[in-house]
Amino acid sequence: MRSINPIPNHLLIDSIVYKPLISNDGWNDEFGEERTIDNVRVVPTSSLNRTANSEGKQANDTVFIDYVNSSYFPEDAKVGDRINDREVIRVKVLKAFAEHPHHLEIEVI
């Protein structure tokens, strides 16, 4: 199988500051070292998750981080991390017929 080409550089026009969540004791969050990631794409979005019992958070942006063309690829990105001091609420890892992920789609509020 042939893998899909990386996201083109001309589409990756943004930079972000990424901080991984290390721990949460219920009161305080502890974060790891912040890292600037260049060559990403930040797209304004809206997303609302509803169930019969609750209403979820609305995402304000989706951040695309490419495995090949972004300056850093946080393979262990997770809910609770911070991007530009905003909370990560969803992480999608997209594979494209390759051993490694093609890109991440990260929603932040």
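Residues numbered from 1 in each chain as written. Predicted model: local features only at pLDDT ≥ 70, side-chain atom pairs only at ≥ 80, totals over all residues. Heavy atoms only, no water.

Counting 13 residues, the largest nonpolar core has Ile-16, Val-63, Ile-65, Ile-83 and Ile-106 as the members making the most contacts within it. Once residues within four sequence positions are removed from consideration, Ile-65 is found in contact with Ile-16, Ile-37, Val-40, Ser-70, Tyr-72, Phe-73, Pro-74, His-103, Leu-104 and Ile-106. (Core = buried A, V, L, I, M, F, W, Y, C linked by side-chain atoms within 4.5 Å. Buried < 20%, exposed > 50% of the residue type's maximum accessible area, 1.4 Å probe, protein only. Contact = heavy atoms within 4.5 Å.)

Note: strand β6 (residues 82-83) against strand β7 (residues 86-95), two bridges, orientation antiparallel. Paired with Arg-82 across the strands is Glu-87, a residue of β7. Between β6 and β7, which pair antiparallel and follow one another directly, the connecting turn spans two residues, one of which, Asn-84, has a positive phi of 50 degrees. In this sheet, strand β8 (residues 101-108) lies alongside β7 in antiparallel orientation, the contact comprising seven bridges. Of the residues in β8, the one forming a bridge with Lys-92 is Glu-105. (Pairing = 2+ DSSP bridges. Helix = DSSP H or I, 4+ residues; strand = E, 2+ residues; numbered from the N terminus.)

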